[in-house]
Amino acid sequence: MKNISVIGSGTMGNGIAHVFAQHGYQVSLIDLKQEFLEKALATITKNLDRQVAKEVLTEEQKTKALSNISTYTDVKEGVQKAELIIEAATENLAIKLDLFRQIDQASPKNAILATNTSSISITKIAAVTNRPAQVIGMHFMNPVPIMKLVEVIRGYATSDETTQQIMGLSEKLSKVPVEVNDYPGFVANRILMPMINEAIYSLYEGVAGVYEIDTVMKLGMAHPMGPLQLADFIGLDVCLSILKVLHDGFGNPKYAPCPLLVNMVEAGFKGVKSGEGFYTYTKGSKDLVVSPRFSN
């Protein structure tokens, strides 16, 4: 397996493309507009430069990795030679189903179709294709070039052969693959999102402030990042989408998103990506500043 197509050039997509290209795979990176792809290549270059500065890669390896990436704005063209296609589009079921219908028709019949979804049913996605045995979840963690884990999610019809291929491929990327079954949120987000939601409820109900909640979890539970800061990093809109999947999938009120989270997303406060969430983010600054909306 040498030819990989990645659909979506945002944070996750460009990270996935980076890792495959760094490990010698030919990567076709696909998005709707050339400007999105140019921004992704700039991000990949910046992250490769960081690896060179840390002596993880040589300048020659960086140049080779960049030469392994081709860009496309047409899905059909970008997947024609693919042996593995990884969808990393926005966390929206309708968008994903439409993409999988397209790539199922346009890609080679032996290609494996993977999704980087963090919560949406692999079984539901596979059902719109003519190759459900070859559909699987590859849930990379953010930032992809650094984080070791890949959740490998088997849909109801995913074959043993497909699973074994993806487990082995993940190891070749110097990742640690963990096989899980297809239930809402899988393992990572089924456990993580209720914790984040509870932290937001603690803020919403006035139990403590943003800084205090995150400090308790960092110093008391040895978390490298507090749950509210982590929510900002993931994207509050993404957190809300995942909680809705959990709530709908299990029908259990314990997964109901906190009203504060809902209001923040509706108002456009999505965390790092929008410049403000529970904290405010200024370009070029690494200081962690609590949003004035939550200051004591």
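Because the structure is a prediction, the values reported are computed rather than measured.

K.L.:
So what exactly am I meant to see when it comes to the packing of helix H9 (residues 210-221) against helix H10 (residues 227-234) here?
P.N.:
The description of two helices packed together rests on the angle between their axes and the distance between the axes. As a packed pair, H9 and H10 sit with axes 7 Å apart at the nearest point and diverge in direction by 100°. By the angle class used here, H9 and H10 are roughly perpendicular. Across the interface between the two elements, Val210, Ile213, Asp214, Met217 and Lys218 from H9 touch Pro227, Leu228 and Gln229 from H10. For the contact of H9 with H10, the per-class residue count stands at 5 nonpolar, 1 polar and 2 charged.

K.L.:
Hey, could you run me through helix H1 (residues 11-22) in this one?
P.N.:
Given 3.6 residues per helical turn, the α-helix brings residues three or four places apart onto the same face. In this model, H1 (12 residues) spans 17 Å end to end at C-alpha, consistent with the 16 Å of a helix rising 1.5 Å per residue. In terms of burial, H1 is largely enclosed, as 10 of its 12 residues are buried. When we look at burial in H1, the residues that qualify are Met12, Gly13, Asn14, Gly15, Ile16, Ala17, His18, Val19, Phe20 and Ala21. Directly after H1, the chain includes Gly24, whose backbone phi takes a positive value near 90°.

K.L.:
I keep staring at the packing of aromatic side chains and nothing clicks. Help me out?
P.N.:
How two aromatic rings sit relative to each other is set out by the distance from centre to centre and by the angle between their planes. Taken as a whole, this structure holds 4 aromatic pairs when the rule is applied. Relative to Tyr204, the ring of Tyr201 has its centre 6.1 Å away and its plane inclined at 70°; by these criteria the two rings are edge-to-face. Of this pair, Tyr201 and Tyr204 both sit in helix H8 (residues 188-204), 3 residues apart, roughly one helical turn. Its end group placed over the ring of Tyr25, Lys2 keeps NZ or CZ at 5.1 Å from the ring centre.

K.L.:
Would you mind going over the UniProt feature "binding site: NAD(+)" (unreviewed entry) in the protein chain with me for this structure?
P.N.:
Cross-referencing UniProt, the feature "binding site: NAD(+)" (unreviewed entry) maps to Gly8, Ser9, Gly10, Thr11, Met12, Gly13, Asp31, Glu91, Lys96, Ser118, Asn142 and Lys273 in the present numbering. Residues that both appear in the annotated list above and line the second largest pocket are Glu91. With respect to the helices and strands, Thr11 occurs in helix H1. The topology assignment puts Asn142 in the loop between strand E6 (135-140) and strand E7 (149-154). Among all residues touching Asn142, those that are not within four sequence positions of it are Thr11, Met12, Met147 and Phe233.

K.L.:
Explanation requested: the nonpolar core in the structure shown.
P.N.:
Phe20, Leu84, Ile86 and Phe140 are the most contacted members of the largest nonpolar core, which has 34 residues in total. The element that contributes the greatest number of residues to this core is H1, accounting for 6 residues. Non-local contacts of Phe20, meaning those with residues more than four positions away in its chain, are made with Ile4, Tyr25, Val27, Leu84, Ile86, Phe140, Leu169 and Leu173. Cys258, Leu260, Met264 and Val265 belong to the second largest nonpolar core, which has 25 residues in total.

K.L.:
Please clarify how the packing of H10 against helix H11 (residues 236-250) should be interpreted in this entry.
P.N.:
One way to put it is that H10 packs onto H11 with a least axis distance of 5 Å and a crossing angle of 95°. One finds that H10 runs roughly perpendicular with respect to H11. Contacts between H10 and H11 involve Ala231, Asp232 and Ile234 from the former and Leu236, Val238 and Cys239 from the latter. Partitioning the contact of H10 with H11 into residue classes produces 5 nonpolar, no polar and 1 charged.

K.L.:
So what exactly am I meant to see when it comes to the UniProt feature "domain: 3-hydroxyacyl-CoA dehydrogenase C-terminal" (unreviewed entry) in the protein chain here?
P.N.:
The sites that carry the UniProt feature "domain: 3-hydroxyacyl-CoA dehydrogenase C-terminal" (unreviewed entry) are, in the present numbering, residues 185-281. Counted over residues 185-281, helix gives 62% and strand 2%. Its end C-alpha atoms are 28 Å apart.

K.L.:
What should I look at first to understand a positive patch on the surface in this one?
P.N.:
The grouping of Lys39, Lys46, Arg50, Lys54, Lys283 and Lys286 at the surface amounts to a positive patch. Looking at where Lys283 falls in the secondary structure, it is placed in the loop between strand E9 (279-280) and strand E10 (289-290). Its relative accessible area of 85% is what places Lys283 among the exposed residues.

K.L.:
Honestly, the pattern of salt bridges in this entry has me stumped. Any pointers?
P.N.:
Close approach of charged atoms allows side chains of opposite charge to pair. By the definition in use, this model includes 9 salt bridges. In this structure, Asp104 engages Arg131 in a salt bridge whose closest nitrogen and oxygen atoms are separated by 2.8 Å. With Asp104 in helix H5 (residues 93-106) and Arg131 in the loop between helix H6 (122-126) and E6, the pair connects residues that are 27 residues apart, well separated along the chain. The pair formed by Asp104 and Arg131 is uniform in burial state, with each residue classed as buried.

K.L.:
Teacher, can you tell me more about the domain arrangement of the protein chain here?
P.N.:
How big an interface is tends to be reported as the loss of accessible area on association of its parts. Examined at the domain level, the protein chain breaks down into domain 1 (3-181) and domain 2 (189-290). Put simply, the middle of domain 1 and the middle of domain 2, counted by C-alpha atoms, are 26 Å apart. Residue-level contacts link 7 residues of domain 1 with 5 residues of domain 2. Buried surface at the junction of domain 1 and domain 2, summed over both partners, amounts to about 480 Å²; 58% is from carbon and sulfur atoms. The interface formed by domain 1 and domain 2 contains 0 salt bridges.

Cut-offs applied
- Residues numbered from 1 in each chain as written.
- Predicted model: local features only at pLDDT ≥ 70, side-chain atom pairs only at ≥ 80, totals over all residues.
- Heavy atoms only, no water.
- Axes fitted to C-alpha atoms, helices over the stretch in contact; angles between N-to-C directions.
- Helix = DSSP H or I, 4+ residues; strand = E, 2+ residues; numbered from the N terminus.
- Parallel < 35°, antiparallel > 145°, perpendicular 65-115°, else oblique.
- Contact = heavy atoms within 4.5 Å.
- Nonpolar A, V, L, I, M, F, W, Y, C, P; charged D, E, K, R; others polar.
- Expected span 1.5 Å × (residues − 1).
- Buried < 20%, exposed > 50% of the residue type's maximum accessible area, 1.4 Å probe, protein only.
- Phe/Tyr/Trp six-rings, centres within 6.5 Å; stacked < 30°, edge-to-face > 60°.
- Lys NZ or Arg CZ within 6 Å of the ring centre and 35° of its normal.
- UniProt positions renumbered as here; feature names shortened; annotations may be inferred.
- 1 Å grid on protein atoms, 1.4 Å probe; cavity = no way out; pocket = protein on both sides within 12 Å on 5 of 7 lines; lining within 4 Å.
- Core = buried A, V, L, I, M, F, W, Y, C linked by side-chain atoms within 4.5 Å.
- Patch = residues over 30% accessible without salt bridge, like charges linked within 9 Å, V, L, I, M, F, W, Y side chains within 5 Å.
- Areas by Shrake-Rupley, 256 points an atom, 1.4 Å probe, with all protein chains shown as cover.
- Salt bridge = Lys/Arg side-chain N within 4 Å of Asp/Glu carboxyl O.
- Lys, Arg positive; Asp, Glu negative; His and termini not counted.
- Charge placed at Lys NZ, Arg CZ, Asp CG, Glu CD.
- Domains from an automatic or database assignment.
- Buried area = accessible area lost by both parts, 1.4 Å probe.

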